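Fold and contact review
What follows is each chain in one-letter form.
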Amino acid sequence: MLSATTMTPKERYLAGILGKPVDRTPVGSPTSVATVEQMVLTGAFFPTVHLDGLAMARLGAGAYEILGYDAIMPVFSVTQEAAALGCEVDWGTIDSMPVVRTHPWSDPDRVRVPEDFLERPPIRAVLDAIRILRGTYGGRVAIIGKVMGPWTLSYHLHGLQDFLIETLLEPDKVRAFLDRLQTVPLRFGKAQVAAGADALCLADHATGDLVRGTMYRDFLQPIHREMVQELGCPVVLHICGNTLDRIGYIADAGLPAFHFDSKVDAVDAMRAAGGRMSLVGNVNNTEILLAGTSEAAEQHARHAVESGVRVLAPECAVPLHTPLENLKAIHRAVRHYN
Ligand SMILES: [Zn+2]
């Protein structure tokens, strides 16, 4: 039996990430849920969608039209900004994600955000997609934008290995990169909100697999605190991998919501967040959604809800061959509640 619902998907999703009361647990990811099956159903395919706002909007809308989720987040790649700032990007194929091939900035003094940044094709496509989605669904469905934070941009523009070594040997250089690069998500994020985004995903991959929690606290926490203030809209931070040792610091930065990986058990994450922010996620991608059954996906989603996760979603951008049925099963899990 479906329970009676009184909120629109947009009201429900925004209430979920802001920790307000909801009529049922919202479902929807701040990272990509696009799959090859949805490309076929919408007629909008990788890699064209990454640079074509209309196609991007069509594929993004699949999250609502096909999966029944409460939110649409149309930015599938993590390379839009890097491409617009001068990295060579391999845009991939129908079933691969784009990757950054070159890292042009060796020194923070070379960081230049061009005047026409918002007009460059990978950026304009995102703004066009959000505008189109706002026009079609803006009153009913949550439209979520996405920006890369200064940590991720440093991986792309400077190079992951050099950057990580410098966190240990040249912390001032790292601070200079972060400081100069934070203008990119601020400009792009504000432009996405002006185009119609209700909230933003801030993806900034200071993951436990690469750096300690204290690094997050020392380098990124003050920057994220400032960014949340300046963006002035609901922001969901996304960091995948094991983040348990930094969830408390993330909550202290004033982020209203954190999108987290199944490498952190939902019960532990709730304890670390201590009621200070909403948790979003954390259904496992590779073992459950890609390779598991829809029953397993539903069960995993129920564990998250029962542990206190406020918004259900896959843990990160889903693998492109994830079966539709498994993605729909996350949605099915919440019908048994409330
Ligand atoms: Zn991720």
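The following paragraphs examine the structure supplied in this document. Being a predicted model, the structure only gives us computed values, none of them experimental.

**Re the overall build of the protein**
The helix and strand inventory of the protein stands at 16 helices and nine strands. Over its C-alpha atoms the protein spans a radius of gyration of 19 Å, differing by no more than 12% from the 20 Å that the globule rule assigns to 338 residues. Counting only C-alpha atoms and orienting by the principal axes, one finds that the protein spans roughly 60 × 45 × 35 Å. When the 338 residues of the protein are sorted by exposure, 59% land in the buried category.

**Overview of the side chain of His331**
By the element assignment, His331 lies in helix 16 (residues 324-334). Setting aside residues no more than four positions away along its own chain, His331 makes contact with Arg24, Val27, Leu67, Gly68 and Tyr69.

**Overview of the coordination of the zinc ion**
Coordination of the zinc ion by the protein involves His238 (NE2), Cys240 (SG) and Cys316 (SG), with metal-donor separations of 2.0 to 2.3 Å. All donor residues of the zinc ion come from one chain, and their arrangement in sequence is H-x1-C-x75-C. Linking Cys240 in the loop between strand 6 (235-238) and helix 12 (247-252) with Cys316 in the loop between strand 9 (311-314) and helix 16, this pair joins segments that are 76 residues apart in sequence. Note on Cys240: relative accessible area 19%, which makes it buried.

**Digging into the pattern of salt bridges**
Considering all chains together, one arrives at 19 salt bridges under this definition. In this structure, Asp70 and Arg12 form a salt bridge, with 2.9 Å as the shortest nitrogen-oxygen distance. You can see Asp70 sitting in the loop between helix 4 (62-65) and strand 1 (71-72) and its partner Arg12 sitting in helix 1 (residues 9-17), a full 58 residues away along the chain. Residue Asp70 shares its accessibility class with Arg12, and that shared class is buried.

**Focus on the environment of Lys173**
When you line up the elements, Lys173 lands in helix 9 (residues 171-181). Distance in space between the C-alpha atoms of Lys173 and Asp109 is 9.6 Å, their sequence separation being 64 residues.

**Describing the sheet that holds strand 1**
Strand order across the open sheet formed by seven strands is 1-4-5-6-7-8-9, with parallel pairing between neighbours. Bordering the open sheet on either side are strand 1 and strand 9, each of which pairs with just one other strand. Where strand 6 and strand 7 (residues 257-260) come together, three bridges link them in parallel fashion. Across the sheet, Val236 pairs through a bridge with Ala257, a residue of strand 7.

**A word on the pairing of strand 7**
The alternating pattern of strand 7 places Ala257 and His259 and Phe258 and Phe260 on opposite faces, both of which are buried. Running through helix 12, the crossover from strand 6 to the neighbouring parallel element strand 7 is right-handed. With four bridges connecting them, strand 7 and strand 8 (residues 278-283) associate as parallel partners. Within strand 8, the position partnered with His259 by the bridge is Val280. Following the chain from strand 7 across helix 13 (residues 266-273) to the adjacent parallel strand 8, one finds a crossover that is right-handed.

**Section: the packing of aromatic side chains**
Scanning the model with the defined rule gives six aromatic pairs in all. Ring geometry for Phe46 versus Phe76: centroids 5.8 Å apart, planes at 45°, classification tilted. On the criterion of sequence distance, the pair formed by Phe46 in the loop between helix 2 (36-42) and helix 3 (53-60) and Phe76 in the loop between strand 1 and helix 5 (80-84) is long-range, its members being 30 residues apart. Looking at Phe76, the relative accessible area reads 4%, which means it is buried. Their ring planes at 80° and their centres at 6.1 Å tell us that Phe117 and Phe188 sit as a pair that is edge-to-face. Of this pair, Phe117 sits in the loop between strand 3 (99-100) and helix 6 (121-137) while Phe188 sits in helix 10 (residues 183-195), placing them 71 residues apart in sequence. An aromatic cluster is present here, built from Trp151, Tyr155, Phe163 and Phe219 joined pairwise through their rings.

The rules behind the values
Residues numbered from 1 in each chain as written. Predicted model: local features only at pLDDT ≥ 70, side-chain atom pairs only at ≥ 80, totals over all residues. Heavy atoms only, no water. Helix = DSSP H or I, 4+ residues; strand = E, 2+ residues; numbered from the N terminus. Rg over C-alpha atoms; globule rule 2.2 N^0.38 Å. Buried < 20%, exposed > 50% of the residue type's maximum accessible area, 1.4 Å probe, protein only. Contact = heavy atoms within 4.5 Å. Donors = N, O, S within 2.8 Å, 3.2 Å for Na, K, Ca; no water. Salt bridge = Lys/Arg side-chain N within 4 Å of Asp/Glu carboxyl O. Pairing = 2+ DSSP bridges. Right-handed = clockwise from strand over helix to strand, strands pointing away. Phe/Tyr/Trp six-rings, centres within 6.5 Å; stacked < 30°, edge-to-face > 60°.

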